[in-house]
Amino acid sequence: MIQGLRTVIYPVTQLAEATEWYRRVLDKAPYFDQPFYVGFEVGGFELGLVPDGVPGSAGATAYWGTPDARAEVARLEGLGATVESPVEDVGDGIKVATIRDPYGNLFGIIENPHFDLSKLA
């Protein structure tokens, strides 16, 4: 079951520089800052930066929340999606995956037990 938008991930080529830029844009420090991922909490949602991938108009990936990433990926495969990247535990109980819909669009799935709906404004 898809619960709603949770995270948008932007690929960047200079992670430290991009982190500082988004720190100024959002007027806050990231809550998670590692060489492989930087995450900012923004009004109950997450803006994430990754140091790989290709920035540009097709570079960002929106991640939709679900209580069970593995079950949701299996359900979407049954509806005609193909797995782009399988479910991966990225730490702290957070699991992510990406699929391609039948039309070629990238669709992110995230199981994040730390997502707090009370922060939505």
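The structure under discussion appears in the preceding block.
The structure contained in this document is the topic of the report that follows. (Residues numbered from 1 in each chain as written. Predicted model: local features only at pLDDT ≥ 70, side-chain atom pairs only at ≥ 80, totals over all residues. Heavy atoms only, no water.)

1. A closer look at the packing of aromatic side chains
In the structure shown here, the tally under the stated rule is seven aromatic pairs. Taking 6.0 Å as the distance between ring centres and 65° as the angle between the ring planes, the aromatic pair formed by phenylalanine 32 and phenylalanine 36 counts as edge-to-face. In this structure phenylalanine 32 comes out as partly exposed when scored by relative accessible area, which is 30%. Between phenylalanine 32 and tyrosine 37, the ring centres sit 6.1 Å apart and the planes meet at 50°, which makes this aromatic pair tilted. Look at tyrosine 37 and you get buried, because its relative accessible area is 14%. An aromatic cluster is present here, built from Tyr31, Phe32, Phe36 and Tyr37 joined pairwise through their rings. (Phe/Tyr/Trp six-rings, centres within 6.5 Å; stacked < 30°, edge-to-face > 60°. Buried < 20%, exposed > 50% of the residue type's maximum accessible area, 1.4 Å probe, protein only.)

2. Here's the deal with the pattern of salt bridges
If charged atoms from side chains of opposite charge come close, those side chains can pair. On inspection of all chains with the given rule, the structure shows six salt bridges. Of the charged contacts in the structure, one is a salt bridge between arginine 24 and glutamate 20, with a shortest N-O distance of 3.9 Å. Placement of both arginine 24 and glutamate 20 in helix H1 (residues 15-26) is noted, with a separation of four residues, approximately one turn of the helix. Exposure remark for glutamate 20: the relative accessible area of 33% places this residue in the partly exposed category. Across the pair lysine 95 and glutamate 111 runs a salt bridge, and its minimum N-O distance is 3.7 Å. (Salt bridge = Lys/Arg side-chain N within 4 Å of Asp/Glu carboxyl O. Helix = DSSP H or I, 4+ residues; strand = E, 2+ residues; numbered from the N terminus.)

3. Remarks on a nonpolar patch on the surface
Together, Ile2, Leu5, Phe45 and Trp64 make up an exposed nonpolar region whose accessible area comes to about 290 Å². Residue classification places isoleucine 2 among the partly exposed residues on the basis of a relative accessible area of 31%. (Patch = residues over 30% accessible without salt bridge, like charges linked within 9 Å, V, L, I, M, F, W, Y side chains within 5 Å. Areas by Shrake-Rupley, 256 points an atom, 1.4 Å probe, with all protein chains shown as cover.)

4. Regarding the pairing of strand S8 (residues 106-111)
With three bridges joining them, strand S5 (residues 61-65) and S8 adopt parallel strand pairing. Note on S8: the bridge partner recorded for glycine 65 is isoleucine 110. Pairing between strand S7 (residues 94-100) and S8: six bridges, direction antiparallel. Bridge pairing links isoleucine 99 to phenylalanine 107 in S8. (Pairing = 2+ DSSP bridges.)

5. Concerning the environment of valine 8
Within the secondary structure, valine 8 is located in strand S1 (residues 4-11). Through-space distance from the C-alpha of valine 8 to that of valine 96 is 12 Å; in sequence the pair is 88 residues apart. Setting aside anything within four residues of it in sequence, one finds valine 8 in contact with Glu46, Leu47, Gly48, Ala60, Thr61 and Ala62. (Contact = heavy atoms within 4.5 Å.)

6. Observations regarding the environment of arginine 100
One can find arginine 100 in strand S7. Distance in space between the C-alpha atoms of arginine 100 and glutamate 72 is 13 Å, their sequence separation being 28 residues. Not counting residues within four places of it along the chain, the set of residues in contact with arginine 100 comprises Ala81, Thr82, Glu84, Asn105 and Leu106. In this structure the side chain of arginine 100 is engaged in a polar contact, spanning 3.1 Å, whose partner is the side chain of glutamate 84. (Polar contact = N/O pair within 3.5 Å; in protein donor to acceptor, adjacent residues only side chain to side chain.)

7. Some words on the sheet that holds strand S6 (residues 82-91)
One open sheet accounts for eight strands, arranged S2-S3-S4-S1-S5-S8-S7-S6; its pairing is mixed. Both outer strands of the open sheet, strand S2 (32-34) and S6, are each paired with one neighbouring strand and no more. Strand-to-strand twist in this sheet, taken as the mean axis angle between neighbours without regard to direction, amounts to 20°. Across three bridges, S2 lies against strand S3 (residues 37-42) in antiparallel orientation. Note on S3: the bridge partner recorded for phenylalanine 32 is glycine 39. (Axes fitted to C-alpha atoms, helices over the stretch in contact; angles between N-to-C directions.)

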